[in-house]
Amino acid sequence: MIASLYKSENGTIAEYDRIFSSSQEEVWDVLTNNEKLKLWMHHLEITNLGKGGHIKFHFHDGSGNVEDITITDFEEGRVLAFEWGNDIVRFAIQPKNKGTQLIMKQIISEITNHTPKDLAGWHVCLLHFSDVVNKQFIHYPENEWEKWYEKYKEQVEKIMS
């Protein structure tokens, strides 16, 4: 389930679509509960959940550096969007059949050589997210993102041509 890439008036959109048999509440909890958040995106820590609130990005590189990220959109149980460098990352949750649909969009302001790495990184994070929601923890190799990087590199090249 590779992300779709398409152009919009706001830049390029990378859209990841995931369906879960779990309830909206369970999916939202994995997205916003710091104990579960660290299982799929260990760099993030929500410090003030709400529009205008904050998320801390811990670099975990031994430097102790932390970046403050602003939450740009929020609807309890449905929407969480935040700054991601010059981009915006937006998670939306809605009912789908007897389960829940999670749509994650990254609104990319400028395509760079690093963009395919970011997209592959989000892809792997969402693999871990799915594991947490489904309560089955698969051990992915540390270089799992490299396999996805090649696929996203091809996609980025297509959209740029």
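Fair warning: this is a prediction, and the values are worked out from it, not measured in the lab. (Residues numbered from 1 in each chain as written. Predicted model: local features only at pLDDT ≥ 70, side-chain atom pairs only at ≥ 80, totals over all residues. Heavy atoms only, no water.)

**Q** Could you clarify how one ought to interpret the overall build of the protein chain in this entry?
**A** What the protein chain contains, in helices and strands, is 4 helices and 8 strands. Radius of gyration (C-alpha) of the protein chain: 15 Å, near the 15 Å computed for a compact globule of 161 residues. For the protein chain, the spread of C-alpha atoms along the principal axes amounts to about 40 × 40 × 35 Å. For the protein chain, the residues scored as buried account for 43% of the 161 residues in total. For the protein chain, the accessible area works out to roughly 9,000 Å², and carbon and sulfur atoms hold 47% of it. For the protein chain, the distance from the average position of its 17 positive side-chain charges to the average position of its 25 negative side-chain charges is 6 Å. (Helix = DSSP H or I, 4+ residues; strand = E, 2+ residues; numbered from the N terminus. Rg over C-alpha atoms; globule rule 2.2 N^0.38 Å. Buried < 20%, exposed > 50% of the residue type's maximum accessible area, 1.4 Å probe, protein only. Areas by Shrake-Rupley, 256 points an atom, 1.4 Å probe, with all protein chains shown as cover. Lys, Arg positive; Asp, Glu negative; His and termini not counted. Charge placed at Lys NZ, Arg CZ, Asp CG, Glu CD.)

**Q** Please explain empty space enclosed by the protein as it appears in this structure.
**A** One simple way to see leftover space: roll a probe sized like a water molecule over the atoms. One pass over the full model with this rule turns up 1 cavity of 30 Å³ or more. Of the voids in this model, the largest cavity is the one considered here, and its volume is about 40 Å³. Contributing to the lining of the largest cavity are Leu 31, Leu 37, Trp 40, Leu 44, Ile 46, Ile 55, Leu 80, Phe 82 and Phe 91. Among the residues forming the lining of the largest cavity, the class breakdown is 9 nonpolar, no polar and no charged. (1 Å grid on protein atoms, 1.4 Å probe; cavity = no way out; pocket = protein on both sides within 12 Å on 5 of 7 lines; lining within 4 Å. Points joined across faces, edges and corners; volume = space filled by probe spheres on them. Nonpolar A, V, L, I, M, F, W, Y, C, P; charged D, E, K, R; others polar.)

**Q** Could you clarify how one ought to interpret helix 4 (residues 144-160) in this entry?
**A** One turn of the α-helix equals 3.6 residues, which is why residues spaced by three or four share an orientation. Taking 1.5 Å per residue, 17 residues should reach 24 Å; helix 4 reaches 25 Å between its end C-alpha atoms and fits that length. Among the residues of helix 4, those classed as buried are Glu 144, Trp 148, Tyr 149, Tyr 152, Val 156 and Ile 159. (Expected span 1.5 Å × (residues − 1).)

**Q** What is the right way to read helix 3 (residues 115-134) from this model?
**A** With 20 residues, helix 3 extends 28 Å from end C-alpha to end C-alpha; this agrees with the ideal 28 Å at 1.5 Å per step. Most of helix 3 is tucked away, with 14 of its 20 residues classed as buried. Lys 135 occupies a position one or two residues after helix 3 and carries a positive phi of about 55 degrees.

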